Amino acid sequence: MGGVQVSSVALSDAPARKEYRPDHPLADEQGYVSFSNVDPIAEMVDMIAASKSYEANVEVFNTSKSLLRKTLTLGE
């Protein structure tokens, strides 16, 4: 049966977001704390776009299947 396969994984080269928080327990010697460089808004937009693309592909598949079934009943 088919499925989804990952063709590659790309790591971001964006630097970690740093905030000055000298009282934070994970702060470095200069008082900066490194946070993830993941942009949740961009990730959400990508997720919604992928979901809509998947829905469109399923709709195309279902429409073509329905048309094929109707074509097969023309000879009856």
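Here the structure is a predicted model, which is why all the values come from computation and not from measurement. Counting restarts for each chain: residues are numbered from 1 in the order of the written sequence. Local features are withheld for residues below a pLDDT of 70 in this predicted model, meaning they are given only at 70 or higher, and side-chain atom pairs are given and counted only at 80 or more; totals for whole chains, interfaces and linings count all residues. Values shown for side chains rest on all heavy atoms present in the structure; no hydrogens or waters enter the calculation.

**Q** Could you clarify how one ought to interpret the environment of S7 in this entry?
**A** Looking at the element boundaries, S7 is found in the segment before β1 (17-20). In the structure, S7 is positioned 61 residues away from L68 in sequence and 32 Å away in space, judged by C-alpha atoms. Helix and strand labels come from DSSP, where a helix needs a run of H or I of at least four residues and a strand needs a run of E of at least two; each type is numbered from the N terminus.

**Q** How should the packing of aromatic side chains be read in this particular structure?
**A** We describe a pair of aromatic rings using the distance from one ring centre to the other and the angle between the two ring planes. Stacked, tilted and edge-to-face pairs are distinguished by plane angle, under 30 degrees for stacked and over 60 for edge-to-face with tilted covering the rest, among Phe, Tyr and Trp rings (Trp via its six-membered ring) whose centres lie within 6.5 Å. Within the structure shown, the criterion is met by 1 aromatic pair. An angle of 65 degrees between the planes, with centres 5.3 Å apart, marks the rings of Y20 and Y32 as edge-to-face. Remark: Y32 occurs in strand β2 (residues 32-35) and Y20 occurs in strand β1; sequence separation between them is 12 residues. Buried residues are those whose accessible area, probed at 1.4 Å on protein chains only, stays under 20% of the maximum for their type, while exposed residues exceed 50% and partly exposed ones sit between those limits. You can call Y20 exposed: its relative accessible area is 54%. By relative accessible area, which is 35% here, Y32 ends up partly exposed.

**Q** I tried to follow a nonpolar patch on the surface on my own but got confused; where do I start?
**A** A surface patch of nonpolar side chains, about 400 Å² in accessible area, is lined by V6, V9 and L11. A relative accessible area of 79% places L11 in the exposed class. Surface patches are drawn from residues lacking salt bridges whose relative accessible area is over 30%; two like charges belong together within 9 Å, two nonpolar side chains (Val, Leu, Ile, Met, Phe, Trp, Tyr) within 5 Å. Using the Shrake-Rupley algorithm and a 1.4 Å probe, accessible areas are obtained, with residue cover drawn only from the displayed protein chains. The salt bridge criterion pairs a side-chain nitrogen of Lys or Arg with a carboxyl oxygen of Asp or Glu, the two atoms within 4 Å.

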